[in-house]
Amino acid sequence: MEYQLQIEKVIKTLKEDLPTLFQKDISYNIYTQDIYFQDPVNKFKYKFNYRIIFWTLRFHARLFFTQIYFDVHDVYQLAEDTILAKWTVRGVLRVPWKAGVFFNGYSTYKLKRDGLIYEHIDTWDRKPGEILKQFFPKGGDS
């Protein structure tokens with residue numbers, strides 16, 4: 001019973017944190033000290049590095065985008081020790097041609113028996129290079 005309450009707390013925290021991750025910091029009390037993170041461009045371990053990746057996301061969001069959103073579609077318990085969050089990143093790049101960026105993905109969170117997240121794997125719907133291509137003007141049709 002206690003474990004299920006912890007899972008519900010983690011889901012609630014993710015639902016509150018994720019939509020504003022480009023604007024403000026997330027809560028780190030739902031993660032283990034040795035949290036492992038992986039996405040198509042990063043791979044690392046430990047909460048200190050996890051904090052840095054979120055700081056970096058906010059920094060680059062402010063620097064490179066006039067608008068950027070992390071739309072959370074769903075956060076739910078997929079298995080006893082797994083939470084899934086489905087999301088979309090969309091934004092407008094700070095360039096004269098106002099390039100838009102858009103991609104979907106999902107985050108898979110694995111939990112220990114104490115209900116803390118020890119693994120966070122992000123999966124994107126396209127390769128990083130395809131996302132970068134969105135930043136450049138389309139030839140002749142703009």
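Our subject is the structure listed above.
Here is a short report on the structure shown in this document. (Residues numbered from 1 in each chain as written. Predicted model: local features only at pLDDT ≥ 70, side-chain atom pairs only at ≥ 80, totals over all residues. Heavy atoms only, no water.)

### Things to note about the environment of Pro 96
Point 1. Looking at where Pro 96 falls in the secondary structure, it is placed in the loop between β4 (82-93) and β5 (100-111).
Point 2. We classify Pro 96 as exposed; its relative accessible area is 74%.
Point 3. With 41 residues separating them along the chain, Pro 96 and Pro 137 place their C-alpha atoms 9.7 Å apart. (Helix = DSSP H or I, 4+ residues; strand = E, 2+ residues; numbered from the N terminus. Buried < 20%, exposed > 50% of the residue type's maximum accessible area, 1.4 Å probe, protein only.)

### Quick word on unusual backbone geometry
Point 1. Despite not being glycine, Tyr 46 shows a phi value in the positive range, around 95°.
Point 2. For Tyr 46, a relative accessible area of 46% corresponds to the partly exposed category.
Point 3. Positive phi outside glycine occurs at Lys 98, with the angle close to 50°.
Point 4. Among the residues examined, Lys 98 registers a relative accessible area of 60% and is labelled exposed.

### Re the side chain of His 120
Point 1. Tracing the chain through its elements places His 120 in strand β6 (residues 117-124).
Point 2. Judged by its relative accessible area of 2%, His 120 is buried.
Point 3. Engagement of the side chain of His 120 in a polar contact is seen with the side chain of Tyr 50, the distance being 2.6 Å.
Point 4. Aside from chain neighbours lying at most four places away, what touches His 120 is Ile 35, Tyr 36, Phe 37, Gln 38, Tyr 50, Phe 54, Ser 107, Thr 108 and Tyr 109. (Polar contact = N/O pair within 3.5 Å; in protein donor to acceptor, adjacent residues only side chain to side chain. Contact = heavy atoms within 4.5 Å.)

### As for helix α1 (residues 2-17)
Point 1. In this model α1 runs 22 Å from its N-terminal to its C-terminal C-alpha over 16 residues, within 8% of the 22 Å that 1.5 Å per residue would give.
Point 2. Three or more residues of α1 are buried, namely Tyr 3, Gln 6, Ile 7, Val 10, Ile 11, Thr 13, Leu 14 and Asp 17. For α1, the arc enclosing every buried residue in end-on projection is 165°, short of the 170-degree limit, so these residues lie on one face.
Point 3. Structurally, α1 contributes buried residues whose contacts are with β1 (31-38), β3 (65-79), β4, β5 and β6. (Expected span 1.5 Å × (residues − 1). Arc of directions from axis to C-beta.)

### Quick look at the packing of aromatic side chains
Any two aromatic rings considered together are summarised by their centre-to-centre distance and by the angle between their planes.
Point 1. What the rule picks out here adds up to twelve aromatic pairs.
Point 2. A centroid spacing of 6.3 Å and a plane angle of 85° characterise the contact between Phe 65 and Phe 135, whose relative ring orientation is edge-to-face. Linking Phe 65 in strand β3 with Phe 135 in the segment after α3 (128-133), this pair joins segments that are 70 residues apart in sequence.
Point 3. Geometrically, the ring pair formed by Phe 103 and Trp 124 is tilted, given 5.1 Å between the ring centres and 50° between the ring planes. Here Phe 103 is found in strand β5, whereas its partner Trp 124 is found in strand β6, with 21 residues between them in sequence.
Point 4. One aromatic cluster is present, formed by Tyr 28, Tyr 31, Phe 37, Phe 44, Tyr 50 and Phe 54 through successive ring pairs.
Point 5. The aromatic ring of Tyr 3 is capped on one face by Arg 113, whose charged end is 4.3 Å from the ring centroid. (Phe/Tyr/Trp six-rings, centres within 6.5 Å; stacked < 30°, edge-to-face > 60°. Lys NZ or Arg CZ within 6 Å of the ring centre and 35° of its normal.)

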